[in-house]
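Tertiary structure, described
The residues making up each chain are set out below.
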Amino acid sequence: GLNRAGGVMSYRKFMVIGGGGREHALTWKLAQSNTVEHIWVAPGNAGTALEQKTSNIDIEPTNITAIIEFAQEKQTYIRPLPTSYGSLRGMWSLR
């Protein structure tokens, strides 16, 4: 969840949605932070599977219900990339 600062980087757990190179780059950068506890990538790729503090999960990027349920269960910050999947653009403000 959140720490007292309340901003995006105050989250310790993240969920990155997608399985391409941009998602891998974002995951790689997040994993470098000492404040990040864990990153789940839905569905991820071979590269994200190798990153520290990272797990790929078997949820398709278009399965919004499953994404929201997983993120709520894990208390993560959801981070879809804006051009990846048009149906996810409205998820930017979800937490």
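Regarding helix α1 (residues 21-31)
All buried positions along α1 are accounted for by Glu23, Thr27, Leu30 and Ala31. Axial view of α1: buried residues confined to an arc of 95°, hence all on one face. Seen from the open side of α1, the exposed residues pointing more than 90 degrees away from its buried face are Gly21 and Lys29. On its buried side, α1 packs onto β1 (13-18), β2 (38-43), α2 (46-50) and β3 (54-56).

Some words on the side chain of Ser33
By the element assignment, Ser33 lies in the loop between α1 and β2. Judged by relative accessible area, Ser33 falls into the buried class, the value being 17%. A polar atom in the side chain of Ser33 sits 2.8 Å from the side chain of Thr35.

Comments concerning the pattern of salt bridges
Where charged atoms from two side chains of opposite charge approach closely, those side chains can pair. Per the stated rule, a full pass over the model turns up one salt bridge. Arg12 is the partner of Glu37 in a salt bridge, and the nearest nitrogen-oxygen pair spans 3.2 Å. Of this pair, Glu37 sits in the loop between α1 and β2 while Arg12 sits in the segment before β1, and the two are 25 residues apart along the sequence.

Let's talk about the pairing of β1
Within β1, six of the six residues are buried, which leaves it mostly tucked inside the rest of the structure. With six bridges connecting them, β1 and β2 associate as parallel partners. Of the residues in β2, the one forming a bridge with Ile17 is Ala42. Running through α1, the crossover from β1 to the neighbouring parallel element β2 is right-handed.

Section: the confidence of the model for the protein chain
The pLDDT averaged across the protein chain works out to 79; a share of 72% of its residues lies at or above 70. Of all secondary-structure elements in the protein chain, the lowest mean pLDDT belongs to strand β4 (residues 77-80), at 68, while β3 reaches the highest, 96. Scored below 50 in pLDDT, residues 1-6 makes eleven contacts in the model with residues more than four places away or belonging to other chains. This model gives residues 87-95 a pLDDT under 50, and the stretch forms 27 contacts once residues within four places in sequence are excluded.

Overview of the packing of aromatic side chains
In total, this model carries one aromatic pair according to the counting rule given. Geometrically, the ring pair formed by Trp40 and Phe70 is edge-to-face, given 5.7 Å between the ring centres and 75° between the ring planes. Placement of the pair is Trp40 in strand β2 and Phe70 in helix α3 (residues 64-74), with a sequence separation of 30 residues. As far as burial versus exposure is concerned, Trp40 and Phe70 are alike and both buried.

Reading the values: the criteria
- Residues numbered from 1 in each chain as written.
- Predicted model: local features only at pLDDT ≥ 70, side-chain atom pairs only at ≥ 80, totals over all residues.
- Heavy atoms only, no water.
- Buried < 20%, exposed > 50% of the residue type's maximum accessible area, 1.4 Å probe, protein only.
- Helix = DSSP H or I, 4+ residues; strand = E, 2+ residues; numbered from the N terminus.
- Arc of directions from axis to C-beta.
- Contact = heavy atoms within 4.5 Å.
- Polar contact = N/O pair within 3.5 Å; in protein donor to acceptor, adjacent residues only side chain to side chain.
- Salt bridge = Lys/Arg side-chain N within 4 Å of Asp/Glu carboxyl O.
- Pairing = 2+ DSSP bridges.
- Right-handed = clockwise from strand over helix to strand, strands pointing away.
- pLDDT = per-residue confidence, 0-100.
- Phe/Tyr/Trp six-rings, centres within 6.5 Å; stacked < 30°, edge-to-face > 60°.

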